[in-house]
Amino acid sequence: MSVPVRKVLHIDCDCFFAAVEMRENPELHSVPIAIGGESDRRGVIATCNYPARAFGVRSAMATATARRLCPDLVLLKGRMNLYREVSAQVMAILREYSPLLEQVSVDEAYLELDPEQQASQVAADIRARIRDELGITVSVGGAPNKFLAKVASDWNKPDGQKMIPPQEVDEFVAALPVGKIPGVGPAFQSRLQVLGIETCADAQSWELNELVRRFGRSGVHLYQRSRGMDNRPLSMERERKSVSVERTYAQDITRHEDCVSEVSALYARWQERVSRTPWKPEALAPFVKVKFADFTQTTLADVQESASPEGFERLLRQALLRDDKPVRLLGIGGRFPQVSEQQLSLF
């Protein structure tokens, strides 16, 4: 008896925060807008609408850079409570189509359908309902696994859908640029190009042991994804792994001692957040994060260190020795005891 082919949908809200703001104020539809912090506070763009993207504005871009690219950019502070409310409404609609829902973030989720459901029709229904009921748009990708569904959801943005049925997987994957594989960033992509690997078809010509020899675990990932392989099930529970706080400074901090003096204020905020969890600060494994002025960053954790002001100061002093550059952001956090070091998701 053959095992039914999985039907996985990836639902991705289109420029979510900006879309909600445009819904609330229709006058913003035709003007470039972005959600983020002000440039004089070292702000970063969280998301922007498509008119802003036409100027080259992108998520994670420094606000100062965005304003240079688009002088007329309308910058909004953002309303997370509103976005979470709309996100909950989106997820409620998705749950009507299947109980197998994995919410990845506030604006992204996977849905696994019953083999008898028509994936393309469900995708069209979801898009129409969210558009009509919530006033925003989503793009949907459908495929036999999570990897391909995520790639497909980005294919016809915004407000589009793409289905990759089982019989088309091989052809679709063969032509796919390796840069479309989640986890293959620009640096890894450059290393692959040197070897003549630009598409998944190119990667398929390499043996697993050779890819592993050259790239380690990333080689395994490349071998599997370049063949359209992904057996990951949906994760219905998003377990919180850590609690942390961070601060971006309006002016770079140039002295290590000035960085260390910031720990007490960070610790007070962190302690308040920890109080909302079942854990006490001393039960958590501490880590620190440092982002330098050139946007490079480092993190340092030590399970033997104490999650106290003194412990965080010791960790921070060690982290600062890794690079002699001005500092733009500092963060501290604690890992919950049941989570392994490999599972740690920082900030």
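Structural data are supplied above this passage.
Bear in mind the structure is a predicted one, so any value in this text is a computation, not a measurement.

Rules of the game
- Residues numbered from 1 in each chain as written.
- Predicted model: local features only at pLDDT ≥ 70, side-chain atom pairs only at ≥ 80, totals over all residues.
- Heavy atoms only, no water.
- Salt bridge = Lys/Arg side-chain N within 4 Å of Asp/Glu carboxyl O.
- Helix = DSSP H or I, 4+ residues; strand = E, 2+ residues; numbered from the N terminus.
- Buried < 20%, exposed > 50% of the residue type's maximum accessible area, 1.4 Å probe, protein only.
- Core = buried A, V, L, I, M, F, W, Y, C linked by side-chain atoms within 4.5 Å.
- Contact = heavy atoms within 4.5 Å.
- Pairing = 2+ DSSP bridges.
- Axes fitted to C-alpha atoms, helices over the stretch in contact; angles between N-to-C directions.

Trainee: Quick question: what am I supposed to make of the pattern of salt bridges here?
Mentor: Close approach of charged atoms allows side chains of opposite charge to pair. Under the criterion given, the structure shown has 22 salt bridges. Two residues, Arg79 and Glu21, come together in a salt bridge whose shortest N-O distance is 2.8 Å. Here Arg79 is found in the loop between β4 (74–76) and α4 (80–95), whereas its partner Glu21 is found in helix α1 (residues 16–24), with 58 residues between them in sequence. Under the relative-accessibility criterion, Glu21 is labelled buried at 7%. Bridged by salt links that share partners, the residues Asp12, Asp14 and Lys157 form one connected network.

Trainee: What's the story with the nonpolar core in this structure? I'm lost.
Mentor: Nonpolar side chains in soluble globular proteins generally cluster together in the buried interior. Membership of the largest hydrophobic core comes to 35 residues, with the highest contact counts inside it found for Leu9, Phe16, Leu94, Leu111, Ile126, Ile130 and Ile136. Those elements that provide at least two residues to this core are β1 (7–13), α1, β2 (33–36), α4, β6 (108–113), α5 (119–134) and β7 (138–143). Among the elements that make up this core, the one with the highest residue count is α4 (7 residues). Beyond its immediate chain neighbours, meaning those up to four positions away, Leu94 contacts Ile11, Leu101, Ala109, Leu111 and Ile126.

Trainee: Sorry, what's going on with the sheet that holds β4 here?
Mentor: Consider a sheet: its strands pair through backbone hydrogen bonds, and that pairing is either parallel or antiparallel. The strand order across the open sheet built from 3 strands is β3-β2-β4, with neighbouring strands paired in mixed fashion. Edge positions in the open sheet fall to β3 (45–48) and β4, since each of these has one partner strand only. Across this sheet, the average inter-strand angle for adjacent strands is 30°, counted without regard to direction. Relative to β4, β2 is paired through 3 bridges, and the arrangement is parallel. By the bridge assignment for β4, Ile33 is matched with Val74. Along the sheet, α1 contacts β2, β3 and β4; its crossing angle with β2, the most-contacted strand, is approximately 120°.

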